[in-house]
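Structural overview
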Protein chains: 2
Amino acid sequence: MTKYVYMFSEGDASMRNLLGGKGANLAEMVGLGLPVPNGFIVTTEACNRYYSDQMTITPEIQDEIFSSLAEMEQLAGKVFGDPERPLLLSVRSGARASMPGMMDTVLNLGMNDAVADGLAKLTDNRRFVFDSYRRFIMMFSDVVMDISRSFYEQAFEQVKKERGVQTDLELDADDLELIVSKFKEIYLREKGESFPQDVKEQLILSVEAVFRSWNTERAVYYRQMHNIPARWGTAVNIQEMVYGNMGDTSGTGVAFSRNPATGENKLYGEYLMNAQGEDVVAGVRTPFTIDHLQEQMPEIYQQFADITQQLERHYGDMQDLEFTIENGKLYILQTRNGKRTATAALQIAVDLVAEGLTSREEALLSIDPKQLDALLHPTFDPNALEAATRIAKGLPASPGAATGQIAFTAEQATAAKEAKRPVILVREETSPEDIQGMNAAEGILTARGGMTSHAAVVARGMGKCCVSGCSEALINASNQTMTISGRVFGCDDFISLDGSTGIVYEGSIATVKAEMSSNFQTIMEWADEISDMTVRANADTPHDSQVARDLGAQGIGLTRTEHMFFEAERVFLFRQMIVARNEADRRKALAKIKPMQQEDFLGLFRVMDGLPVIIRLLDPPLHEFLPTAEGEIKELADELDITYERLQEIINELHELNPMLGHRGCRLAVSYPEIAEMQTEAIIGAALQAAAEGIVVKPEIMVPLICEVKELEFVNRTIKTTADRLIADSGQPLKYWVGTMIEIPRACLTADEVAEEADFFSFGTNDLTQMTYGLSRDDAGKILETYYQAGIFEVDPTAQLDRVGVGALMRTAVELGRKTKPELELGICGEHGGDPSSVEFCQILGLDYVSCSPYRVPIAKLAAAQSALRYPRK
Amino acid sequence: MTKYVYMFSEGDASMRNLLGGKGANLAEMVGLGLPVPNGFIVTTEACNRYYSDQMTITPEIQDEIFSSLAEMEQLAGKVFGDPERPLLLSVRSGARASMPGMMDTVLNLGMNDAVADGLAKLTDNRRFVFDSYRRFIMMFSDVVMDISRSFYEQAFEQVKKERGVQTDLELDADDLELIVSKFKEIYLREKGESFPQDVKEQLILSVEAVFRSWNTERAVYYRQMHNIPARWGTAVNIQEMVYGNMGDTSGTGVAFSRNPATGENKLYGEYLMNAQGEDVVAGVRTPFTIDHLQEQMPEIYQQFADITQQLERHYGDMQDLEFTIENGKLYILQTRNGKRTATAALQIAVDLVAEGLTSREEALLSIDPKQLDALLHPTFDPNALEAATRIAKGLPASPGAATGQIAFTAEQATAAKEAKRPVILVREETSPEDIQGMNAAEGILTARGGMTSHAAVVARGMGKCCVSGCSEALINASNQTMTISGRVFGCDDFISLDGSTGIVYEGSIATVKAEMSSNFQTIMEWADEISDMTVRANADTPHDSQVARDLGAQGIGLTRTEHMFFEAERVFLFRQMIVARNEADRRKALAKIKPMQQEDFLGLFRVMDGLPVIIRLLDPPLHEFLPTAEGEIKELADELDITYERLQEIINELHELNPMLGHRGCRLAVSYPEIAEMQTEAIIGAALQAAAEGIVVKPEIMVPLICEVKELEFVNRTIKTTADRLIADSGQPLKYWVGTMIEIPRACLTADEVAEEADFFSFGTNDLTQMTYGLSRDDAGKILETYYQAGIFEVDPTAQLDRVGVGALMRTAVELGRKTKPELELGICGEHGGDPSSVEFCQILGLDYVSCSPYRVPIAKLAAAQSALRYPRK
């Protein structure tokens, strides 16, 4: 029979999955002999049972709870509900992963009229008793019975006002007894029955309420933000109450073993005397800093500081503690690895290793890779942010903070940049045509599109702040207005974006620049030593490549050659190529484009001296390069010297219903082998040129969107003929590689065949995810919202690799590919390459590298190291 | 070591894959002791070697050829190239599947100047010798050396003119010798070298030419039409020449053991005296019918008729023979199962069984399921067709023949129908809005879209002729013109479509109606007895269901409920539902739609009394129901009583970049559970009503586009709550089933989970194929053309199931699904359900049924029976 309830003495820190983090640590501290009030834990599995049993706690589990309670009564020498020697309880949630403040707690449980009377006699402290009782009624009403707190708060304020006092401390025992009776009246009024006097009923109802709080809206949202699966559930910790509100030698507080903002190795925290924990959090009174305790109760302070150090040593990490002092005796109510800023995380990690308190491996594992983002991008000045007004929320598509006036077109943004005027580019959705404008803007806001929409992908590549899929923003580009909740914003209005949270603010907000510390460098070095995989960058220009290399990139995993075509001068040549209706004209236009591409590639090879560079052949459908608005079409027709009707005809011909599944990728190279030929000439030409300069070049040519090996065979013929001719002509030897993106399900399913023609596979998990799910990232915004609410999805699969479906296809591709060619180089260049959970899956799959946008390289490197530690190869 | 060359005596009919059909049958006839000139076969594997060896015949294979040739010389008592007793050869292609006239042949090989002289002495027949020599030079030049036949034909005509004669028979030996010398001059002029006198060189060059002819444009096209894979290759048959041109007791002909047009059991064929086989085909002279031979050479006729009967009995099928009479001696040069019309195929199958010449099983296997199409649709009057002018060619999207004036809009088509004026609806591409117009038109022509585009799918469902993806047609709907090769067609012009070939003709062409014979019924009954799978229909209306049931459907596999919404009255209500911005308004509109849907469903249940009916919940994205043209939007806004701007806003909001991967399928039921609720009410309501009428109802509710089991869980809750409520209210018991389309790769990969929530899976292979290939069927037209030309694709994967990629996913889904639920009902409702090869794969996978459009039901039934015979299930 499954055991659903554990005494603290039966558990330890390793049982976190079953007992929750709080419970496991309480059990561990009991084992260490620390002063922890005794108690027991109802497991996370009991929570899952609660839900699968139609939200009831079965009699068997209730029996287990009461038998553990009996054991606890023995230990405490008190009896639950007995007025003579009453045992009072705290009932607290505790999930596997820390979810601070997300779930519910009931304190002082076991109080009723008889117990209150008995306790008053026992403690000779009526004030304390009724203070505890009034707290209990309010918490129970709020948490368990869903009665609004405000009724109670009003009544409480009313009494304070009648007594003419400012703080709760000034109320005396009679006042509090009066409040208790008022509270009981409110309860009766709201629920139509008296406040429950049966303490066992109180207990079971409270345990159920904690289980329910696992699925409150805020908890679901938090879980989603932090990728915590619903099936983990929460445990419930039931513990003897200790009282910080027993008088002047009692108190309660929270503290960190080191400074969580800076990482400084110094106890950090605050406390309140004659109070319960909720008061510290609620800010009822202003707490003292922990230093003050040293003066007020030096012995207690020293005992606490010692325990803090002991726990830090024991866990090898900075601790976040809750404590209570009851009549001059210290109790520890909780310890956990403390949350910290990115700066602090690095400082603490480096210090702990230096102090010999932990290993490099453990230190690396203690840092949340996603946190590093904050170190790489500007953030809002926290003071300025406090005063800011939030107007909407979209998806946190690309981190950083940006402020500027609104630009509705790429042209406006470019003009503003020239005028040194900061702007936010606001678009329904962006297209490749907008790239210059995106580059000119401080940040990008789109109304549509998900975390891997065009705007999001390009912005991350640029290291530029972006909020995407902000559906509240109704954008009317022709009127130059954006309407949010009925308010209209125009070109003169300032807005600010937080790309790390997705929040949009009105007005201008000051920002703080990013800086890279020596701790950062240290951590990156440790990561490199441990990783099995290298980390490359997705970079399209020499500039982006330089940024990537500075951030530690070990090569380029993806160069999207089409991005080079969008500069004003080039796009014209490229459009000439598109409207050419025969091969000869196409070749003419391509010949003009080639030297420019070659120059770009040369730049990449120079920056990446000694490292591999993957360059992908032209990928997007050609219509993406042509305008859609009538005016622009007319203008372009003039420029191209063809009639408007002719150009419109060409645009119509190129139009596609589902461009994602259309004429793009290698399909272009099959239809127009001369494009692949020109690009190969540019790549190999640049490589030869670089090699002649003494640069070590490792060019890898990547063919996109393969669904069938014969496509690759066909394009390979063009590439190899061209490359081998150039190399032979040059008289220099040059090694190059040809491989393919694996981004279509069928490529995974036939990877054994595809591998015959490929030196490497690079998983294009953006498209692979979209096709495996049948879900377009550009259209997914509203669907995802609905799915989160309905509990169908917990995370966005285009942001975090789906291991079950997409992962199965990848695994098939890896196995089949390596079966054909054991030395096949395997990597990933989808957006997932910068997501820690996805990087971990790549480690499990046995990939050779991950590739991500430059600013995600450090995150990926740390994640790769952590994955290597968690899933060692061999 | 692989053996690449087989003597006839080493082979038999079972070795067709290796020896080709012609070779295997020649070998078989040798085994039967029939008069077959001796020879040997270069295998199909040698052909594949030829291509993999960079189009050369390796010395080893050449050695094998010459050693077989030596053996043949022994048998013939003649020597290749020896003027004293020369051996002359025919070199003929012969693939696994018959490809009449598609590949090349060289006759009279081994002739040179010396041999000609020797042979003239030996036969004392100079006329015959130079007739053979001139034939050889021309064939060799044409087939092997790629010199235009027209040079030779002109020279030949020139001599005839100079001699003042009409036919070749009137030329004498000197004339023919002159022609030979002129032919050698032409050869020298064109190739810059003399006609080769080395007979071994002649032979190897000719074998290579036959191998090459496997990949001529027409052969590739034929293979593609008949799903013959490139890797099959062709064999080469090298046989001693026998001569129909030796004089008046020599001749040559072709004959069928039964009439290939009607199936009548009577020898049918034609022959020419003093001629070689090519003359019969080329129509140089008018041949006699075979009956005439009975008078001319009664003994030979009787011998031939006996052999014909013997072979028919031996093969159990109607035979198509080639024969030659050399100086009064009969030789059989070829036998094969004869091609026949659909009518003849059924007649012959039924007769052969009645005559005890074959079994039902063999008879069923002898009919090409695709042929049945011709029996179910009108065709052009063959006489009228001869005079017709072909103007363009598209894809044969839906079979049948149609004639009418052009209608450019659905409205025009509807108006014409009312005026009893036949029209062809001509559209760039069709959308669900066009359905009424499609129904009103005689046929549909689209410029875009493939075999499974909207137009194609809907037309097949309606049993209406359709040619899709006719990219030569430039359609300008606003000008009301269609331009083909510079010629402009308008509303007054008649055009005609052949939906079975994809050909578009100008003008009006008389058609012939379809009729179903008793043979047809007999074959269908036999098929049903043998099949493991049932065949259901995809039918959306009671009318279509009735058609399907009449054609033998054993249930409905797919009702697309959205098609019911497109009728004028309903679409308005449906649009009201779409523009409703809150649940209450949506429910109001839905309440008005419900009785109509329920009435439709009731009609389906009545028609399908006793059979299962799968009804799919609403599938397409909502924007498909809204207009896109400004005028129509204004009109609709007025009707809906909202502003134009508001409607435009809603349309913009609903716009999607990739609607295929957008907000559709079960995603609609998650966003708007009230739609699923209404549809469930209508289905269950209708089922209860039908059951009350005494009808046996088997309603199966199908949820489309599942990618994750939780979606199905969510929608199931709505369906089951609603259905169970209605059933409980009715007081009648009613069994219903809930299942899902499997049409997204991820659903296959997680089918074990999905099966937990499903009573049945129906493979939606249209979408599954598109997503697995990353290829939208609506945009695939031009890509497929290019891919065929480049040899990358051989067939359209949306028309014939891809067993490697899509098939792997289906297999996974079947295995995982049945692992969870062994009794899971499995079927297919994609367009592949009516394609014989795909039906065969469904048999292999172990599916329970296939479902296809009504007019394909007979094809699917025959294919299912054939598959059961070929791949029996234990």
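Residues numbered from 1 in each chain as written. Chains lettered and ligands numbered in written order. Predicted model: local features only at pLDDT ≥ 70, side-chain atom pairs only at ≥ 80, totals over all residues. Heavy atoms only, no water.

1. Digging into helix α9 (residues 217–225) of chain A
All names here are of chain A. Those residues of α9 that sit buried are A219, Y222, R223 and Q224. Of the surrounding secondary structure, the elements contacted by the buried residues of α9 are α8 (199–213) and α32 (781–789). N227 lies just past α9 and shows a positive phi near 55 degrees. (Buried < 20%, exposed > 50% of the residue type's maximum accessible area, 1.4 Å probe, protein only. Helix = DSSP H or I, 4+ residues; strand = E, 2+ residues; numbered from the N terminus. Contact = heavy atoms within 4.5 Å.)

2. Structural notes on the nonpolar core
Judged by nonpolar contacts, the single largest core of 208 residues is most densely connected at F605 of chain A together with I523 and F605 of chain B. Sequence-distant contacts of I523 of chain B, defined by excluding residues within four places in its chain, comprise L346, A349, V350, L364, I367 and L862 of chain B. (Core = buried A, V, L, I, M, F, W, Y, C linked by side-chain atoms within 4.5 Å.)

3. Here's the deal with the sheet that holds strand β22 (residues 487–489) of chain A
Residues and elements named next belong to chain A. What the 3 strands build is an open sheet, ordered β20-β21-β22; its pairing is antiparallel. Edge strands, defined here as strands with exactly one partner in the open sheet, are β20 (473–476) and β22. Looking at each pair of strands side by side, their axes are set apart by 25 degrees on average, direction ignored. Two elements, strand β21 (residues 481–484) and β22, share 3 bridges in a ladder whose sense is antiparallel. Across the sheet, residue M482 finds its bridge partner in β22, namely F489. (Pairing = 2+ DSSP bridges. Axes fitted to C-alpha atoms, helices over the stretch in contact; angles between N-to-C directions.)

4. Examining the packing of helix α5 (residues 126–144) of chain A against helix α6 (residues 149–163) of chain A
Residues and elements named next belong to chain A. Between α5 and α6, the shortest axis-to-axis distance is 9 Å and the interhelical angle comes to 155 degrees. Considered as vectors, α5 and α6 are oriented roughly antiparallel to each other. Listed contacts from α6 to R134, I137, M138, S141 and D142 of α5 are R149, Y152, E153 and F156. Here the residues of the contact of α5 with α6 sort into 4 nonpolar, 1 polar and 4 charged. (Parallel < 35°, antiparallel > 145°, perpendicular 65-115°, else oblique. Nonpolar A, V, L, I, M, F, W, Y, C, P; charged D, E, K, R; others polar.)

5. Quick word on the interface of chain A and chain B
Each partner contributes to the interface: chain A provides 50 residues, whereas chain B provides 50 residues. When the shortest N-O distance is used, the salt bridge between K710 of chain A and E794 of chain B registers 3.8 Å. Put simply, chain A and chain B have 26 residue pairs in polar contact (both at pLDDT 80 or more) between them. Within the residue set of the side of chain A that touches chain B, elements represented by two or more residues are α25 (644–654), α26 (666–671), α28 (709–730), α29 (745–749), α31 (765–773), α32 and α33 (806–820) of chain A. Looking at the side of chain A that touches chain B residue by residue, the class counts come to 22 nonpolar, 13 polar and 15 charged. (Salt bridge = Lys/Arg side-chain N within 4 Å of Asp/Glu carboxyl O. Polar contact = N/O pair within 3.5 Å; in protein donor to acceptor, adjacent residues only side chain to side chain.)

6. Structural notes on the relation of the copies chain A and chain B
Once chain A has been moved 0.1 Å along the axis and rotated by 180 degrees, it coincides with chain B to within an RMSD of 0.2 Å. The two molecules are tied by a two-fold rotation axis, judged by turn and shift. Closest approach to the rotation axis among the C-alpha atoms of chain A is made by N658 of chain A, whose C-alpha sits 2.3 Å away. Most of the interface of chain A is mirrored in chain B: 100% of its interface residues are interface residues there too. (Least-squares fit on C-alpha atoms with pLDDT ≥ 70 in both.)

7. Quick word on the pattern of salt bridges
This model, assessed by the stated rule, comprises 100 salt bridges over all chains. A salt bridge links R126 of chain A to E177 of chain A; the nearest nitrogen and oxygen atoms lie 2.4 Å apart. Taken as a pair, R126 of chain A in helix α5 and E177 of chain A in helix α7 (residues 173–191) lie far apart in primary sequence, 51 residues in all. Of the charged contacts, one joins R487 of chain B and E506 of chain B as a salt bridge, the two residues approaching to 3.0 Å between their closest N and O atoms. Taken together, the residues span a long stretch of sequence, with R487 of chain B in strand β22 (residues 487–489) and E506 of chain B in strand β24 (residues 503–506) at a distance of 19 residues. Three or more residues are tied together by salt bridges with common partners; here these are E562, R616, D619, R664 and D767 of chain A.

8. Regarding unusual backbone geometry
For N274 of chain A, which is not a glycine, the phi torsion comes out positive at approximately 50 degrees. As for its position among the elements, N274 of chain A is in the loop between β9 (268–273) and α10 (277–282).

9. Quick look at the confidence of the model for chain A
Predicted confidence across chain A gives a mean pLDDT of 92, with 99% of residues reaching 70 or more. Note on the complex model: pTM 0.82, ipTM 0.81. (pLDDT = per-residue confidence, 0-100.)

10. Re the pairing of strand β30 (residues 737–742) of chain A
For a regular strand, side-chain orientation follows a simple rule: the groups alternate between the two sheet faces. Residue and element names in this part refer to chain A. The buried fraction of β30 amounts to 5 of the 6 residues, a majority that puts the element mostly inside the structure. Where strand β29 (residues 698–703) meets β30, 4 bridges bridge the pair, whose relative direction is parallel. Bridge assignment links V703 to a residue of β30, and that residue is T740. Viewed along the sheet, the connection from β29 through α28 into β30 turns out right-handed. (Right-handed = clockwise from strand over helix to strand, strands pointing away.)

11. Looking at the sheet that holds strand β28 (residues 612–616) of chain A
Residues and elements named next belong to chain A. Strands sit in the order β26-β27-β28-β29-β30-β31-β32-β33 around a closed barrel of 8 strands; the barrel is parallel. Mean inter-strand twist for the sheet, computed between neighbouring axes without regard to direction, equals 25 degrees. Most of the contacts of helix α27 (residues 673–692) go to β29, to which it runs at about 170 degrees, and overall it touches β28 and β29.

12. A few points about the environment of T820 of chain A
All names here are of chain A. Mapped onto the elements of the fold, T820 is located in helix α33. Residue classification places T820 among the partly exposed residues on the basis of a relative accessible area of 28%. C-alpha of T820 to C-alpha of E753: the two residues are 67 residues apart in sequence and 7.7 Å apart in space. Ignoring any residue separated from it by four or fewer positions in sequence, one finds T820 in contact with D752, A755 and E756.

13. Considerations on the pairing of strand β6 (residues 105–109) of chain B
Residues and elements named next belong to chain B. β6 sits mainly inside the fold: 4 of its 5 residues count as buried. The pairing of strand β5 (residues 89–95) with β6 spans 3 bridges and is classified as antiparallel. Along β6, the bridge assignment pairs L89 with L109.

14. Remarks on the side chain of T308 of chain A
Residues and elements named next belong to chain A. Relative to the helices and strands, T308 is located in helix α12 (residues 298–315). Of the polar contacts made by the side chain of T308, one reaches the backbone oxygen of F304; its length is 2.7 Å. Residues contacting T308, with those up to four places away along its chain left out, are S257, L267 and L321.

15. Notes on the environment of E639 of chain B
Residues and elements named next belong to chain B. Mapped onto the elements of the fold, E639 is located in helix α24 (residues 630–640). Residue classification places E639 among the partly exposed residues on the basis of a relative accessible area of 46%. Expressed as a C-alpha distance, the spacing of E639 and F572, which sit 67 residues apart in the sequence, is 8.5 Å.

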